Amino acid sequence: QVPLVESGGGSVQAGGSLRLSCAASGSIQGIYAMGWYRQAPGKERELVALIATPSGTANYALSVKGRFTISADSDKNTAYLQMNSLKPEDTAVYSCNVLTGTSSIRTGSYWGRGTQVTVSS
């Protein structure tokens, strides 16, 4: 069973929108945070957005703040990333990350395979 299944990537013109989804399998228990990272060619992986699932508190990279919104459905173990006003510099492979345990004691970290987002000018 694949731990994380991502969907929603694709190609869009600048100014467009995409919505990514990340579904964690039932085998992953004790999720306390879900996040999205991205890596563009030749660049290091960077955190895009992170949400604490018990509280719903979200944090964003400055480059996406005001354009991207992360949300989570705890009942479905699914996180979403709504991306609006996309720019060519948002082009990257987006990967989902799920953390289990607590913010003080992390018991696990799971990664999705990644989904390509391409924004053309």
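What counts, and at which threshold
Residues numbered from 1 in each chain as written. Predicted model: local features only at pLDDT ≥ 70, side-chain atom pairs only at ≥ 80, totals over all residues. Heavy atoms only, no water. Helix = DSSP H or I, 4+ residues; strand = E, 2+ residues; numbered from the N terminus. Rg over C-alpha atoms; globule rule 2.2 N^0.38 Å. Buried < 20%, exposed > 50% of the residue type's maximum accessible area, 1.4 Å probe, protein only. Contact = heavy atoms within 4.5 Å. Lys, Arg positive; Asp, Glu negative; His and termini not counted. Charge placed at Lys NZ, Arg CZ, Asp CG, Glu CD. Pairing = 2+ DSSP bridges. Core = buried A, V, L, I, M, F, W, Y, C linked by side-chain atoms within 4.5 Å. Salt bridge = Lys/Arg side-chain N within 4 Å of Asp/Glu carboxyl O. Phe/Tyr/Trp six-rings, centres within 6.5 Å; stacked < 30°, edge-to-face > 60°. Lys NZ or Arg CZ within 6 Å of the ring centre and 35° of its normal. Axes fitted to C-alpha atoms, helices over the stretch in contact; angles between N-to-C directions.

1. Section: the overall build of the protein
A tally of helices and strands in the protein yields zero helices and 11 strands. Taken from N to C terminus, the helices and strands of the protein fall in the order β-β-β-β-β-β-β-β-β-β-β. Against the compact-globule benchmark of 14 Å for 121 residues, the protein has a radius of gyration of 14 Å, which places it among compact chains. The burial tally for the protein puts 40% of its 121 residues in the buried class. Contacts in the protein between residues far apart in sequence, at least 24 positions, make up 53% of those at least 6 positions apart. Here the protein holds 10 positive side-chain charges and 7 negative ones, and the gap between their average locations is 1 Å.

2. Some thoughts on the pairing of strand E3 (residues 18-24)
The element E3 is extensively covered by neighbouring structure, given that five of its seven residues are classed as buried. With four bridges joining them, strand E1 (residues 4-7) and E3 adopt antiparallel strand pairing. Bridge pairing in E3 links Ser7 to Ser21. Two elements, E3 and strand E8 (residues 78-83), share six bridges in a ladder whose sense is antiparallel. Bridging from a neighbouring strand, Ser21 pairs with Tyr80 of E8.

3. Focus: the nonpolar core
With 28 residues, the main nonpolar core has Trp36, Val48, Phe68, Leu81, Met83 and Tyr94 as its most contacted residues. Put simply, the parts of the chain that give this core at least two residues each are E3, strand E4 (31-39), strand E5 (46-52), strand E7 (68-73), E8, strand E9 (92-101) and strand E11 (115-120).

4. Some words on the pattern of salt bridges
Under the criterion given, the structure shown has three salt bridges. Of the charged contacts in the structure, one is a salt bridge between Glu46 and Arg38, with a shortest N-O distance of 2.6 Å. Judged by its relative accessible area of 33%, Glu46 is partly exposed. Its salt-bridge partner being Arg38, residue Asp90 comes within 2.9 Å of it at the nearest N-O pair. Of this pair, Asp90 sits in the loop between E8 and E9 while Arg38 sits in strand E4; the two residues are 52 residues apart in sequence, bridging distant segments of the chain. Like Asp90, the residue Arg38 is buried in the burial classification. Within the structure, one salt-bridge network assembled from shared partners comprises Arg38, Glu46, Arg67 and Asp90.

5. Some remarks on the environment of Pro88
Tracing the backbone shows Pro88 in the loop between E8 and E9. Here the alpha-carbon distance between Pro88 and Ile105, two residues 17 residues apart in the chain, equals 38 Å.

6. Things to note about the packing of aromatic side chains
Within the structure shown, the criterion is met by one aromatic pair. Positioned over the ring face of Tyr80 is Arg19, at 4.1 Å from the centre of the ring. One cation-aromatic arrangement involves Arg45 over Trp111; the distance from NZ or CZ to the ring centre is 3.9 Å.

7. As for the sheet that holds E1
For sheets, the rule is that strands pair by backbone hydrogen bonds, running either parallel or antiparallel. In spatial order, the strands read E1-E3-E8-E7; together these four strands make up an open sheet with antiparallel pairing. Across the chains shown, the open sheet's two edge strands, defined by having one partner strand only, are E1 and E7. When strand polarity is set aside, the average angle formed by the axes of neighbouring strands in this sheet is 15°.

All quantities given are derived from atomic positions and should not be read as evidence of function.
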